[in-house]
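# Examining the three-dimensional arrangement
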Amino acid sequence: MSKQLYIVIGSILFLLFVAQDVFDLRWEALYQLQQEQMYRRWSGLGLFCIILFQWTLSLVRVVPKWQHKSITFHKIHNWLGAFTPLLFYIHSMELGFAYLFILSLTFFSNFVMGMFNLDLLKTRSQLIFQGWMIVHVTFSVFITFLTFYHIWVVFYYK
């Protein structure tokens, strides 16, 4: 159970985020803070750093002299991923509109995929592994691209 504790924690945090969105529940003090430009920028920077840090697992796997650290980085990747619904909530309680809605949906879809990763599925099928990895990485690239676009929009349209 302890190996997959991050799945339980991540699932609870995700369900709490969905519940607050569906039932329009707000932590009013945080919501008011999220309306302030400086807070949005700093919390966005924090979330952006987490998104970028998640790419370190790919980097560690690709650089031959770092591959021995892959298991450690995989655990960090999983645990950090489990807390992303909370980090998203700290940045914004809302899914947004237009491209922000697409960014949010892709973000949470990738999160769900990450929670139901190959450790949980316990599959040895190369086809399932490659398919899962292709979709997970593709979503990650799309999220990173839209995050850069979001940052550009935030600072360009000041």
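Residues numbered from 1 in each chain as written. Predicted model: local features only at pLDDT ≥ 70, side-chain atom pairs only at ≥ 80, totals over all residues. Heavy atoms only, no water.

A few words on the nonpolar core. As a rule of thumb, nonpolar side chains are buried together in soluble globular proteins. Core analysis: the biggest nonpolar cluster contains 21 residues, and Phe17, Phe88, Phe107 and Phe108 have the highest contact counts within it. Among the secondary structure elements, those contributing two or more residues to this core are helix H1 (5–22), helix H2 (28–34), helix H3 (37–54), helix H6 (84–91), helix H7 (99–115) and helix H9 (126–156). When residues in this core are grouped by element, the largest group, five residues, is from H7. Once residues within four sequence positions are removed from consideration, Phe108 is found in contact with Phe14, Phe17, Pro85, Phe88 and Leu95. (Core = buried A, V, L, I, M, F, W, Y, C linked by side-chain atoms within 4.5 Å. Buried < 20%, exposed > 50% of the residue type's maximum accessible area, 1.4 Å probe, protein only. Helix = DSSP H or I, 4+ residues; strand = E, 2+ residues; numbered from the N terminus. Contact = heavy atoms within 4.5 Å.)

Next up on the list: the packing of H3 against H9. Where H3 contacts H9, the two axes come as close as 11 Å, and the packing angle between them is 160°. Considered as vectors, H3 and H9 are oriented roughly antiparallel to each other. For the pair H3 and H9, the crossing hand works out as left-handed. Contacts between H3 and H9 involve Gln37, Arg41, Phe48 and Ile51 on the former and, on the latter, Ile143, Thr144, Thr147, Phe148, Ile151, Val154 and Phe155. (Axes fitted to C-alpha atoms, helices over the stretch in contact; angles between N-to-C directions. Parallel < 35°, antiparallel > 145°, perpendicular 65-115°, else oblique. Left-handed = near helix turned anticlockwise from the far one by under 90°.)

Take the confidence of the model for the protein chain next. Averaged over the protein chain, the pLDDT score is 92; the fraction of residues at 70 or greater is 94%. Ranking the helices and strands of the protein chain by mean pLDDT puts H6 first, with 98, and helix H8 (residues 118–121) last, with 68. (pLDDT = per-residue confidence, 0-100.)

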